Amino acid sequence: MQLYHHPYSLDSQKVRLALEENSIDYTSHHVNPITGKNMDPSFFRLNPSARLPVFQNGSHIIFNTIDIIQYIERIAVFTLGSEKVTLSSQEVIEWMQRIQAWDPKYFTLFHIPEKYRFTVSKFIRRVVIARMADSPDLASSYHMKLDEVYETEDKLRDPDVLKQSKEQLAEILDVVERKLNESTYVAGDEFTLADVVLIPVLARIVLLDLEEEYICSRPNVAEYWNVVQQRPSYKKVIGKYFSGWRKYKTLLKTWCFVRIRSMLRRY
């Protein structure tokens, strides 16, 4: 089993948490979207949307995050037996879908300083144009990605886009806050895939230094966040890259790559 992912990718974190929680072995392939590695022809042929993660098991390739997580769960049931692992209940599935409906893309980009955002966007545009020249057979797909980059830049000029994203996130966290009055975890007193989908959302909030506004202001969510950070899966998938000083190392490494490649015009 192959997983194409990156620590920055929130959906990649969800899938890796599911793999770790179910003790599923897989081969890891890092594809950094900020440096444009997801635009390389080899990956682009595999997944023309260029989005992460991508899960491959033989000839079976899955792009949708929830579909990947549920596929992993079925593998765990098959390999470990239904006595140790059971398929998610309808409540868990509904929670997964509700949380997954929030798109972190614009929320994240709005909270990144404009100078960094602009530099990375410009770099990605040039990467796409360079790949288009290298692989003319993929030109139409690359054109679509280029249009997507410009569309993203346009939406970032619209304050209503951020407003809607913030409202949707706050609504989800308010529902979670009420639910945690009744149970230890999102869908009951047992850790489930609903928690797997929520944890990276909270980690993204912390990475953007918005913990006070979105987590600490909700006592149950704050307590829950403290608990889930102790799980070995969290430490391996997220904490390893973003806890404390590590997040500065992770981000600085990528930023230096983008700046140096831009100066050398190597895309």
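First, a word on scope: everything that follows refers to the structure included in this document. (Residues numbered from 1 in each chain as written. Predicted model: local features only at pLDDT ≥ 70, side-chain atom pairs only at ≥ 80, totals over all residues. Heavy atoms only, no water.)

## Quick word on the overall build of the protein chain
Counted only if it meets this: Each helix is a run of DSSP H or I of at least 4 residues and each strand a run of E of at least 2, with the numbering of both proceeding from the N terminus. Put simply, the radius of gyration uses C-alpha atoms, and a globule should come to 2.2 Å times the residue count raised to 0.38. The criterion used for residue contact is that any of the two residues' heavy atoms lie within 4.5 Å. Only the protein chains shown count as cover for residues, with accessible areas throughout obtained via the Shrake-Rupley method and a probe of 1.4 Å. Positive charges come from Lys and Arg alone, negative charges from Asp and Glu alone, with His and the N- and C-terminal ends not counted. Every charge is mapped onto a representative atom, which is NZ of Lys, CZ of Arg, CG of Asp or CD of Glu.
Of the regular secondary structure elements, the protein chain holds 13 helices and 4 strands. Against the compact-globule benchmark of 18 Å for 267 residues, the protein chain has a radius of gyration of 19 Å, which places it among compact chains. C-alpha atoms of the protein chain, sized along the principal axes, occupy 55 × 45 × 30 Å. Relative to all contacts within the protein chain whose residues are 6 or more apart in sequence, the contacts with residues 24 or more apart total 71%. For the protein chain, the exposed area adds up to about 13900 Å²; of that, 51% sits on carbon and sulfur atoms. Positive and negative charge centroids in the protein chain, built from 36 and 34 side chains respectively, lie 10 Å apart.

## Quick look at empty space enclosed by the protein
Here is the rule: Detection works on a 1 Å grid of protein atoms alone, calling trapped sets that fit a 1.4 Å probe cavities and calling open sets with protein on both sides within 12 Å along at least five of seven lines pockets, with lining residues defined by an atom within 4 Å of a point. Grid points are joined across faces, edges and corners, and a volume is the space filled by probe spheres set on the points.
Counted under the stated rule, the structure contains 1 cavity of 30 Å³ or more. Each pocket or cavity is described by its volume, and for the largest cavity that value is around 40 Å³. The wall of the largest cavity is formed by T35, G36, K37, D40, F123, R131, F257, R261, R266 and Y267. At the level of elements, helix 6 (114-134) and helix 13 (246-264) are the ones that each hand at least two residues to the lining of the largest cavity.

## With respect to the packing of aromatic side chains
Inclusion rule: The aromatic pairing rule takes the rings of Phe, Tyr and Trp, using the six-membered ring of Trp, and pairs them if the centres are within 6.5 Å, calling planes under 30 degrees apart stacked, those over 60 edge-to-face and the rest tilted. The classification of residues rests on relative accessible area computed with a 1.4 Å probe and restricted to protein chains. Under 20% of the type maximum is buried, over 50% is exposed, and intermediate values are partly exposed.
This model, assessed by the stated rule, comprises 11 aromatic pairs. Judged by centre distance (6.0 Å) and plane angle (55°), the ring pair of Y4 and F43 falls under tilted. You can see Y4 sitting in strand 1 (residues 2-5) and its partner F43 sitting in helix 2 (residues 41-46), a full 39 residues away along the chain. Overall, Y4 belongs to the buried group, its relative accessible area being 17%. Taken together, a centroid distance of 5.4 Å and an interplanar angle of 70° make the contact between W102 and F107 edge-to-face. Residue classification places W102 among the buried residues on the basis of a relative accessible area of 3%. Counting every residue linked through ring pairs, the aromatic cluster contains W102, F107 and Y214.

## Focus on the sheet that holds strand 1
Quick reminder of the rule: Here, any two strands with at least 2 DSSP bridges between them count as paired. Axes, fitted as lines to C-alpha atoms, cover a helix only where it is in contact. Angles between the N-to-C directions of the axes lie from 0 to 180 degrees.
An order of 2-1-3-4 is seen for the 4 strands of this open sheet, with the pairing classed as mixed. Edge positions in the sheet fall to strand 2 (27-30) and strand 4 (60-62), since each has one partner strand and no second. This sheet shows a mean twist of 15° between the axes of neighbouring strands, independent of strand direction. Examined bridge by bridge, strand 3 (residues 54-57) and strand 4 share 3 bridges and lie antiparallel to one another. Residue pairing for strand 4: F55 is matched across the bridge by I62. Of the strands in this sheet, strand 1 and strand 3 are in contact with helix 1 (residues 10-21), which crosses strand 1 at around 150°.

## Quick notes on the pattern of salt bridges
Filter applied, for reference: Here, a salt bridge means any Lys or Arg side-chain nitrogen found within 4 Å of an Asp or Glu carboxyl oxygen.
Counted by the stated rule, this structure contains 14 salt bridges. Measuring nitrogen to oxygen at the nearest pair gives 3.0 Å for the salt bridge that ties E148 to K145. You can see E148 and its partner K145 sitting in helix 7 (residues 139-155), 3 residues apart, about one turn around the helix. Under the relative-accessibility criterion, E148 is labelled partly exposed at 22%.

## Describing the pairing of strand 1
The side chains of a regular strand alternate, first on one face of the sheet and then on the other. As a reminder of what qualifies: Seen with its strands pointing away from the viewer, a crossover is right-handed if its path from the first strand over the helix to the second goes clockwise.
Pairing geometry for strand 1 and strand 2, over 4 bridges, is parallel. When the bridges of strand 2 are listed, L3 appears paired with S28. The β-α-β motif built from strand 1, the intervening helix 1 and the parallel element strand 2 has right-handed crossover chirality. Direction of pairing for strand 1 relative to strand 3: antiparallel, over a ladder of 3 bridges. What sits directly across from Y4, in strand 3, is V54.

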